[in-house]
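# Commentary on secondary and tertiary structure
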Amino acid sequence: MGSTYSVDAVARDAPEAAARAGTVAELGSELSRLLSRAVPHDGYLLTGFDPVTGARCFLACENTYDTRARRRMDRADALGRTRSPVAELIAGDCPVTVLGAGAPDESPQARRLHRIMAADSYGSELCVALTGRGVTWGVLVLLRERGARPFSPAEAARAAELARPLADSVRRYVTDKPLSPRLVHFPLSVVLVDRDDQVSGATAAGRDALRGLLPGVYPAGGQERFGFLWHITYTARRTAAPAITRAPTPLGWFSLQAQPLDGDRADDVVVTLQPAPAAELLPALAQWYGISRRERAVVEQALQGLAVKQIARRLDLSPHTVNDHFKAVYRKTGVTGREELIACLAQ
């Protein structure tokens, strides 16, 4: 009775709890508390993904790997030196895998990851891909300390049952709050990360922006201020192409972009941080809020300042249909009308 009831209770309660969470830290804490009824654990990492690019857009964690261990894992994954369980889970039939002590995978990559885990006093890791509606919204990693009982197949099965409700919870954390205008504005900020993973330069605006925004998206103190940059830096290096994520914060949405330099400095990465411009933000919002292709096209025209009749002519629609699309967007995003929508999207 206990496990079945617990799974049902978590599936029922998690989305509502997520909708009430005011910060990423509150979201992670609530989901961990509820999930512990079905799958007890000592610590967790909850990562949110940009639904368009798959880059990290927020992180909540408690009683988990220290910053250095997380960086080692991110770096090893970017260089292809460990398994990439998230990619495998997204593409596979089961959204859950168990790594570490007692896990069936004994590949060199898995053993290397287990050594990193053990060095940080963790013995077993259960990883859940949070995929729903054809989109991967994030990943949840549950941890047990070294010496504790490893995660069992039965617990992995329970976690698999909860993958969809947990994915819905992450999405509702963002979308149950009405879209609102930014509460902070700052200039384009630049940080340079060199090939040795050192921050070799940063604008004053970059340091100030990270200091102000990070409490809402990443648990970082003064010494870890640049930790939020590592994941997207490694992503850009792995793909040898620009990488972007759009992050929701209590102060509004911002975009983080990473781009490798050319030539002999290809391992150096320039990271830019700024309030997300409308053209960059809209594709991500369309995924988060379920805005359709036609609705998005109408909003794109409105951002150019066009009236309803002009939009109708451009998109070969009736003015009535254009207004219906606007109403659908207002309902999904929680705004009261066109002026508020434009104010929320404008930089």
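Bear in mind that the values here come from a model prediction, so they are computed numbers and not experimental data.

## Side note on the sheet that holds strand β9 (residues 252-260)
Strand order in this open sheet of five strands is β7-β6-β10-β9-β8, and the pairing throughout is antiparallel. Looking along the sheet, the strands with just one partner apiece sit at the ends: β7 (199-202) and β8 (243-249). Strand after strand, the sheet turns through a mean of 20° between neighbouring axes, direction not considered. The pairing of β8 with β9 spans seven bridges and is classified as antiparallel.

## Quick notes on the packing of helix α11 (residues 308-315) against helix α12 (residues 319-333)
The geometry of α11 relative to α12 is characterised by a closest axis approach of 8 Å and an angle of 105° between their N-to-C directions. It follows that α11 is roughly perpendicular to α12 by the angle criterion. Along the contact surface, α11 presents V308, I311 and A312, while α12 presents P319, V322, N323 and F326.

## Notes on unusual backbone geometry
A positive phi angle, near 55°, is found at A240, a position not held by glycine. Phi is positive for D316, close to 55°, though the residue is something other than glycine. Mapped onto the elements of the fold, D316 is located in the loop between α11 and α12. A relative accessible area of 70% places D316 in the exposed class.

## Some thoughts on the sheet that holds strand β5 (residues 135-145)
Strand order across the open sheet formed by five strands is β2-β1-β5-β4-β3, with antiparallel pairing between neighbours. Only two strands of the sheet have a single partner each, and these edge strands are β2 (56-62) and β3 (96-100). Shown here is a sheet whose adjacent strand axes are inclined to one another by a mean of 15°, direction ignored.

## Describing the nonpolar core
The biggest cluster of nonpolar side chains holds 103 residues, and the ones touching the most others in it are L46, L126 and W288. With nine residues, the single largest contributor to this core is helix α6 (residues 153-175). Not counting the four nearest positions on each side in its chain, L126 is found in contact with V39, V96, T97, V98, L140, V141, L142, F151, E155, A156 and A159.

## Some thoughts on the side chain of E280
Tracing the backbone shows E280 in helix α9 (residues 278-289). At 3.1 Å, the side chain of E280 and the side chain of S255 are in polar contact. A distance of 2.8 Å separates a polar atom in the side chain of E280 from a polar atom in the side chain of Q257. With sequence-adjacent residues up to four places away left out, E280 is seen in contact with I244, R246, S255, Q257 and Q274.

## Digging into the packing of aromatic side chains
All told, the structure shown has three aromatic pairs when counted by the stated rule. Seen from their ring centres, F58 and Y173 are 6.0 Å apart, and the 70° between their planes marks the pair as edge-to-face. Here F58 is found in strand β2, whereas its partner Y173 is found in helix α6, with 115 residues between them in sequence. Relative to Y330, the ring of F326 has its centre 5.9 Å away and its plane inclined at 20°; by these criteria the two rings are stacked. Note that F326 and Y330 are positioned in helix α12 at a spacing of four residues, about one turn of the helix. A relative accessible area of 2% places F326 in the buried class. By relative accessible area, which is 16% here, Y330 ends up buried.

Calculation criteria
Residues numbered from 1 in each chain as written. Predicted model: local features only at pLDDT ≥ 70, side-chain atom pairs only at ≥ 80, totals over all residues. Heavy atoms only, no water. Pairing = 2+ DSSP bridges. Helix = DSSP H or I, 4+ residues; strand = E, 2+ residues; numbered from the N terminus. Axes fitted to C-alpha atoms, helices over the stretch in contact; angles between N-to-C directions. Parallel < 35°, antiparallel > 145°, perpendicular 65-115°, else oblique. Contact = heavy atoms within 4.5 Å. Buried < 20%, exposed > 50% of the residue type's maximum accessible area, 1.4 Å probe, protein only. Core = buried A, V, L, I, M, F, W, Y, C linked by side-chain atoms within 4.5 Å. Polar contact = N/O pair within 3.5 Å; in protein donor to acceptor, adjacent residues only side chain to side chain. Phe/Tyr/Trp six-rings, centres within 6.5 Å; stacked < 30°, edge-to-face > 60°.

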